[in-house]
Amino acid sequence: MNQMRTLFVSVIFVSLVCGCSSENKRDSNVAAKEQNEEKFDTRADEKEAKFVADAVEKKYDEMKLAELASSKSTNKQVQDVAQRLLNEQSESLVAFQNLAREKGITVPVEEGNESKKQVNELSQQQDPEFDKKWCDEIVSKHEKAIREFESMRDKATDPELKELIANDLMNLRAQLDELNALEKNIAKR
């Protein structure tokens, strides 16, 4: 538990430090994409950099959704799943940030603008509708992420990125299984 807290505090610290840049006034994923286009010479390297930047943004997106469910839901099962998701996505975020740092890839420092809008809309929902809509949203995000990770796993040339994708895919699939079971439980109520 202490290790998780330290990891979470580290992620927040990095986000705050990076978030103080002037780029933060606009979507940080747009800024990351522009900077990466200028840095990388080949289209393959550029695509891998874009994938890493997008993966980081998705981690932030899912962490924000998990934080929302942890605090807003009155369903203990939803809260527990959301907390596990938050912890696991935080670990994955750090792994992607470390890879980005090693490869010189610029990554976002927060969730995207679209995700902020989704979190805001979801936060207006009341139980039990909140739980259902939250599950629908997070399941959809996981399904999309799995498709994108599988596609990049097959196309990536960087061995470190391939390994990170393979590890993350295992986690995403396990999370999706848990989320699908949770969604079925909520539908029964």
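See the structure printed just above.
Everything numeric in this text was worked out from a predicted model, so none of it was measured.

### Here we look at the nonpolar core
- Phe 51, Val 52, Phe 96, Trp 134, Phe 149 and Leu 161 are the most contacted members of the largest nonpolar core, which totals 43 residues.
- Elements that contribute at least two residues to this core include exactly α3 (43–72), α4 (76–103), α5 (113–123), α6 (129–155) and α7 (159–188).
- The greatest single-element share of this core, amounting to 11 residues, is contributed by α3.
- If we skip the residues at most four places from it in the chain, Trp 134 touches Leu 65, Ala 66, Ala 69, Val 78, Ala 82, Leu 85, Leu 122, Leu 179 and Leu 182.

### Details of the packing of α3 against α4
- At a minimum axis separation of 8 Å, α3 and α4 run at an interaxial angle of 155°. In terms of orientation, α3 and α4 fall into the roughly antiparallel class. Where α3 crosses over α4, the two elements pack in a sense that is left-handed.
- Classifying every residue of the contact of α3 with α4 by side-chain character gives 16 nonpolar, 7 polar and 3 charged.

Calculation rules
Position numbers for residues count from 1 along each chain, tracking the sequence in the order it is written. Per-residue local features of the predicted model are confined to residues with pLDDT of at least 70, and side-chain atom pairs are confined, for both listing and counting, to 80 or more; whole-chain, interface and lining totals are unaffected and use all residues. As a convention, hydrogens and water are excluded, and side-chain values are obtained from all of the structure's heavy atoms. Residue types Ala, Val, Leu, Ile, Met, Phe, Trp, Tyr and Cys, when buried and joined through side-chain atoms within 4.5 Å, form a set referred to as a nonpolar core. Here's how the labels work: a residue is buried when its accessible area is under 20% of the maximum for its type, exposed when over 50%, partly exposed in between, all with a 1.4 Å probe on protein chains only. Secondary structure counts use DSSP, requiring at least four H or I residues in a row for a helix and at least two E residues in a row for a strand, with both numbered from the N terminus. The contact criterion used throughout is that any non-hydrogen atoms of two residues lie within 4.5 Å. Under this scheme, a helix contributes an axis fitted over its contacting stretch, all axes are lines through C-alpha atoms, and angles between N-to-C directions fall in the 0 to 180 degree range. Angle categories: roughly parallel below 35 degrees, roughly antiparallel above 145, roughly perpendicular from 65 to 115, and oblique for all the rest. By the definition used in this description, the sense in which the near helix is turned from the far one sets the handedness, with an anticlockwise turn below a right angle giving left-handed and a clockwise turn giving right-handed. In this count, Pro and Cys sit with the nonpolar residues alongside Ala, Val, Leu, Ile, Met, Phe, Trp and Tyr, while Asp, Glu, Lys and Arg are called charged and the others, Gly among them, polar.

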